[in-house]
Amino acid sequence: MQRLNSITLGILLTCSMPFCVQAQQEVTQESDAQEQSENNEKVATESGLEVISVTATKRKTKLMETPVAISALSEEVLRQNGVNNIKDIADLVPGLDISTATDQSAPVISMRGVRSTNITELGDPAVGIHLDGVYSPRMQGALALMYDVSRIEALRGPQGTLFGRNSTVGSINVISAKPEFGEVFGRVSTELGRFNARSVEGFVNIPVNSEFAIRFSGKGLKRDSYLEGYWDPNQYDLRRLSDDVINAEVIAEDAYSGVGSTITQLDNWWIDGAGTDPERQRIRALTPADEGDFYNNANEYSYRISALWEPLDSNFSNHTVFQQYINDSGNNVDLVNCEKLAGRSAEYGGDCSTFLPSDNTYQAVVNVPGELNLDITYLRNTFNYTFDNDMSLVWLVGYEDMERSSAQDSEVSLDPWDGATYFLDGTGAESYSTEVQLQSNDYGDLVWIAGLNYFHEQTTTYGYYDNPMDDKSFWDQPDRSTDAYALFGQATYNITPKLHLTMGYRFSDETKEDKGGRTYRCSNADGCAPGWLNRTALNDLPVDYFEDPSIYASYFANDNKGSWTRNDFRVGLDYDLTDATMVYSYVASGFKAGGIGDVYEVVNDRTGDTTRFETQFDPEEVLTWEVGAKSSLLDNSLNVQAVFFYTDYTDMQYASVGSIGNVERLSPVEGEDGSPILDENGDPILDYQNQPVIAYYTQNVPGSTIKGIEFEFDWKPYENGRINGYVTWTDATITEDWITKWDYDPEYLFDLSYEESVDPTNTVLTTNLKGNNLAMTPEYTANLSYTHTINLDAYGYLHGWFNVSWKDESYSTIWNVDKHLDDMDFAIPDEAVAYMDDSRDAFAVVNASLKYEPQNQNWFAEIFINNATDEIVQYWNNTTKGFAKGSFGMPRYYGIRAGFTF
């Protein structure tokens, strides 16, 4: 009922206003002055570039006259580059990198060396995402399909004064196309591509009368998985596999027979004694998966209703957007970087062909079908009112409701210890925000904006991690909330006609609270789980058996609260050297609130005593100095932007899975090979042992320095040609001592047991990461696009486009493993470390297309190719036990597009 009410409310708000009253009025054209203004801004001359307007300062300004490092991407650029969602713009903006954390099905955005690795409900992004100027708090919300977009504005540098929370290194604003007055028009286009990909998108613009217009738009995308997928009946939990998979061909009667291709076939220490059913204790063949519903497929659609009301005899306008996005796909899964492991000897773990069916990065062996159900409703409203004295009032209101559920295989057959993560129905986030601005006009010597902002979010997490052989942790977090208030102002004063001073200030007050949260525990020791090696009993249980927290033996409370306040500022000068060239400089601060973290209360199995662990973390603080120049040259046929920035970053938040303490647990005694020691009955020998308390928690990196140069250009050397791109240099380094526990695959690198590798008191793992480079930050990057149009006269136009994006070598994590070969006592030689460290080689991605349009340009047909060289690009690193794994970009993708306008 709540979902129905929100949809109904959105449609009513979108289509209300004057519709019922004035639906029969005659459609008229906009005024000549407005039409001329639009032509000046959007239409390029034969020799010059179009003038692009942006809203980086929360008012409309020209891109080349705005003293901020900003990239503006038009819908044509997005369509040309095959952009489907926010992840696909990573190569189009200097200093931007976007990866995917598969466990939360969320993008991780890095800008100028800074990213947030905590993409759970406890974390916040470092790059703010705004939709039509309204803040979108959950990174999953940024996955919404991109279509019918006016432009994307990517601002670099702290945006704390105007955009506020969680914009410490930048902000991305996705601006949807507004309804237009005048006439009915629209567009429909479709795409067919590799991996059985097919998509369709379109819009129709309907001016109801001279004051009210509606725009309907939508997009649907389906694509098979691009993975070589297999179902594995040799893993511990078989409850989600079909009978055909479970009863696949027997290839060996027992483990360690040397038959098979995966670890669960070749090296499974438990399978011979796991349960009472002999049929389940044999090694069986893998079953190929259907690409249509396997991991890394796509099944998404979205629609948007947008309404614009501008009464001719009034001085206000109102723009309302209602949007819904549905993703019903097979989720994402971590993959092994087979390219990096190629050539590694069997002594150090071998290459992919020794533990997977083939030597192919794009493959996965699982026993848990992937599932992602993401349903997001957005409602945004912008009200503008101009007073008689030309002062304006702007009122922004935003609402976002996200519901999600998912299932993901965790160990992907790389470990006999089975595991999976599930988020159940009821998981989601609901937020609303409102902002009121007062703005001066643009004509005096003092131009200013002042405002108030309020944001509220409530998240709900309902799910569990399942180790089928023992521990399960169930999360019931019904009310984790954030309340944020802000007061801000910014003004620009013309000291002289050419010299301008900008000053800004923002006060922020933020509170986060967890009320009624519980973490439930289930294990073999407390009788909730079936018991060690009792595989048959486990697989007789229903699939949803552990989804009921009432069966769990114990729980602990997560109630927690934290508050933070902050004063941020901006001071800048810009000077017009000529009518076409400006230079600017500013100093600005930024702020990202701290976090309450999770609370853990763990029970000592031997004594019954309870120990409480809290994982709060401090706010991030940033101070940036930037100096830049913008110029339009050669009769406005060449735009260049150059900027140098220097950033001092304090207490950067870094999240990872690790140990926060120890507790005595009744657990199996392990032998030297890490497998449990069995008694004469085939059961594990149990004893009270000191075990780690594992948590996903956030640390603060004491201090980092980031500096760089960004150069962008856009050149129209002749009427039918265009060249644009960028070049960057970035140095992002931890500059203060950061003494922490080494958590990059310590089992493999130090030849430790699991317990030793996660022990926070293990001094062997103590390290100082000062001098390390920040993750996903190449020293040099470059992007170059070239477009050429051939005029075929009466036969139309042929548009050729070529793009290459190059990124220098970098690190995929903050650990920089190869920098610690001398100060850490790794148990494997240096040459073996290179096969699984976090270094990422330089790479180039090539895209191209060829498009035909007739003279009237009312339809088009296009062939395209993305990642033409089939580059394997790793974006997220989750290495364990010598396997370099994580998330990767798509392999080579090609197809055709066609569409028509009306």
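Small disclaimer: the values here were computed from a predicted structure and weren't measured.

Moving on to the overall build of the chain. Within the chain, the secondary structure is distributed over eleven helices and 48 strands. For 902 residues, the compact-globule estimate of 2.2 N^0.38 gives 29 Å, and the chain sits close to it at 29 Å. Expressed as a percentage of its 902 residues, the buried residues of the chain come to 57%. In the chain, once contacts between residues fewer than 6 apart in sequence are set aside, the share between residues at least 24 apart is 73%. For the chain, the centre of its 62 positive side-chain charges and the centre of its 138 negative side-chain charges are spaced 5 Å apart.

With 16 bridges joining them, strand β24 (residues 420-439) and strand β25 (residues 446-466) adopt antiparallel strand pairing. Note on β25: the bridge partner recorded for Y432 is H456. The hairpin turn running from β24 into β25, its antiparallel successor, is six residues long. Pairing of β25 with strand β26 (residues 472-494) involves 20 bridges; the strand directions are antiparallel.

It is worth spelling out the nonpolar core at this point. With 63 residues, the main nonpolar core has I89, I152, I172, W742, L749 and I814 as its most contacted residues. Sequence-distant contacts of I152, defined by excluding residues within four places in its chain, comprise S71, A72, L73, L78, I89, M146, I172, N173 and V174. By size, the runner-up hydrophobic cluster in this structure holds 57 residues, among which are A289, V336, A407 and Y422.

Before going further, it helps to examine the sheet that holds strand β9 (residues 149-156). Here five strands make up an open sheet; going across it, the order is β3-β9-β10-β7-β8 and the pairing mixed. Lying at the two open borders of the sheet, with one neighbouring strand each, are β3 (69-74) and β8 (134-135). The pairing of strand β7 (residues 127-131) with β8 spans two bridges and is classified as antiparallel. Within β8, the residue paired with L131 across the bridge is V134.

Right, let's get into a negative patch on the surface. Residues E339, E779, E809, D818 and D841 make up a contiguous surface patch of negative charge. In this structure, D841 sits in the loop between β43 (839-840) and β44 (843-853).

A few words on the pattern of salt bridges. Counted by the stated rule, this structure contains 35 salt bridges. When the shortest N-O distance is used, the salt bridge between E201 and K219 registers 3.7 Å. Here K219 lies in strand β13 (residues 212-223) and E201 lies in strand β12 (residues 197-207), a separation of 18 residues in the sequence. Of the two residues, E201 and K219, neither departs from the other in class, the shared state being buried. Overlapping salt bridges bring together E75, E76, R79, R187 and K851 as one network.

Turning our eyes to something else, we now look at the state of the cysteines. Taken as a whole and judged by the stated rule, the model has two disulfides. There is a disulfide in this structure between C338 and C352, and the S-S distance comes to 2.0 Å. On the sign convention where negative is left-handed, the bridge of C338 and C352, at about -95 degrees about the S-S bond, is left-handed. You can see C338 sitting in helix α7 (residues 338-341) and its partner C352 sitting in the loop between α7 and β21 (363-366), a full 14 residues away along the chain. Judged by its relative accessible area of 2%, C338 is buried. A sulfur-sulfur separation of 2.0 Å characterises the disulfide bridge that pairs C522 with C528. Between C522 and C528, the S-S torsion sits near -100 degrees, and that sign places the bridge as left-handed. Overall, the relative accessible area of 0% leaves C522 in the buried class. With cysteine numbering restricted to those in disulfides and following the sequence, the chain has the pairing 1-2, 3-4.

The description of an aromatic ring pair rests on the distance of the ring centres and on the angle between the ring planes. Within the structure shown, the criterion is met by 35 aromatic pairs. Ring plane angle 90 degrees and centroid distance 4.9 Å describe the contact between Y545 and F546, whose orientation is recorded as edge-to-face. With a relative accessible area of 30%, Y545 lands in the partly exposed category. Through a chain of ring-to-ring contacts, the aromatic side chains of Y422, Y462, Y464, F474, Y520, Y552 and Y555 assemble into a single cluster. Over the ring of F645 we find R112, and its NZ or CZ is 3.9 Å from the ring centre. Between the NZ or CZ atom of R304 and the centre of the ring of Y147, over which it lies, the distance is 4.4 Å.

In this structure, T168 sits in the loop between β9 and β10 (170-176). Among the residues examined, T168 registers a relative accessible area of 1% and is labelled buried. Considered as a pair, T168 and D148 are 20 residues apart in the sequence and their alpha carbons are 29 Å apart. Once residues within four sequence positions are removed from consideration, T168 is found in contact with A126, G157, P158, G590, F591, K592, E620, V622 and Y649.

Before going further, it helps to spend a moment on the side chain of D409. Topologically, D409 is positioned in strand β23 (residues 392-409). For the buried residue D409, which engages in no salt bridge, the nearest side chain bearing the opposite charge is K885, 7.9 Å off. From its side chain, D409 meets the backbone nitrogen of V368 in a polar contact 3.4 Å long.

So, about the confidence of the model for the chain. Looking at the chain as a whole, its pLDDT mean stands at 87, while 92% of the residues score no less than 70. Within the chain, strand β14 (residues 228-231) carries the highest mean pLDDT (98), whereas helix α2 (residues 19-22) carries the lowest (38). Contacts for the low-pLDDT stretch residues 1-45, under 50 throughout, to residues beyond four places or in other chains number 72 contacts.

With that out of the way, let us pick up a nonpolar patch on the surface. Residues V184, V188, V200, I206, F216, W859, F900 and F902 make up a contiguous nonpolar surface patch of roughly 680 Å² in combined accessible area. Checked against the element boundaries, V188 lands in strand β11 (residues 185-193). In this structure V188 comes out as partly exposed when scored by relative accessible area, which is 31%.

Turning our attention to the sheet that holds strand β20 (residues 335-336). With antiparallel pairing, the three strands of this open sheet are ordered in space as β20-β47-β46. The open sheet has two free edges, formed respectively by β20 and β46 (874-877), since each of these has just one partner strand. Pairing analysis gives three bridges linking β46 to strand β47 (residues 885-888), with the strands arranged antiparallel. Looking across to β47, one finds that W876 is bridged to S887.

Moving on: the environment of R612. The topology assignment puts R612 in strand β33 (residues 610-614). Contact partners of R612, with chain neighbours within four places excluded, come to A557, D559, V599, Y600 and E601.

Parameters and conventions
The numbers attached to residues start from 1 for each chain and follow its sequence in the written order. Per-residue local features are limited, in this predicted model, to residues with pLDDT of at least 70; the limit for side-chain atom pairs, both in listing and counting, is 80 or more; totals at the level of whole chains, interfaces and linings are taken over all residues. Think of the side-chain values as coming from all heavy atoms in the structure, minus any hydrogens and water. Helix and strand assignments come from DSSP, with helices taken as H or I runs of at least 4 residues and strands as E runs of at least 2, each series counted from the N terminus. The reference for a compact globule is 2.2 Å times residues^0.38; the radius of gyration itself is calculated from the C-alpha atoms. Under the scheme applied here, a residue whose accessible area is under 20% of the maximum for its type counts as buried, over 50% as exposed, and between as partly exposed, the area being computed with a 1.4 Å probe on protein chains only. Note on contacts: a residue pair qualifies if any of its non-hydrogen atoms lie within 4.5 Å across the two residues. Lys and Arg are tallied as positive, Asp and Glu as negative. Neither His nor the chain termini are counted. Where a charge lies is defined by one atom per residue type: Lys uses NZ, Arg uses CZ, Asp uses CG and Glu uses CD. Strand pairing is assigned whenever DSSP detects at least two bridges linking the two strands. What is meant by a nonpolar core is a set of buried Ala, Val, Leu, Ile, Met, Phe, Trp, Tyr and Cys residues, joined one to another through side-chain atoms within 4.5 Å. Residues enter a patch when their relative accessible area is above 30% and they make no salt bridge; the linking distance is 9 Å between like charges and 5 Å between nonpolar side chains (Val, Leu, Ile, Met, Phe, Trp, Tyr). Values of accessible area rely on a 1.4 Å probe in the Shrake-Rupley scheme; residue burial ignores everything except the protein chains shown. Definition used for salt bridges: Asp or Glu carboxyl oxygen within 4 Å of a side-chain nitrogen of Lys or Arg. Criterion for a disulfide: a pair of cysteine sulfur atoms within 2.5 Å. Stacked, edge-to-face and tilted labels apply to pairs of Phe, Tyr and Trp rings (six-membered ring for Trp) whose centres lie within 6.5 Å, assigned for plane angles under 30 degrees, over 60, and everything in between, in that order. As a reminder, the over-ring test applies to NZ of lysine and CZ of arginine, requiring each to be within 6 Å of the ring centre and within 35 degrees of the ring normal. Contacts described as polar in this section are N or O atom pairs within 3.5 Å, which, within protein, must combine one atom able to donate a hydrogen with one able to accept it, while residues neighboring in sequence count only if both atoms come from side chains. Values of pLDDT, the confidence the predictor places in each residue, fall between 0 and 100.

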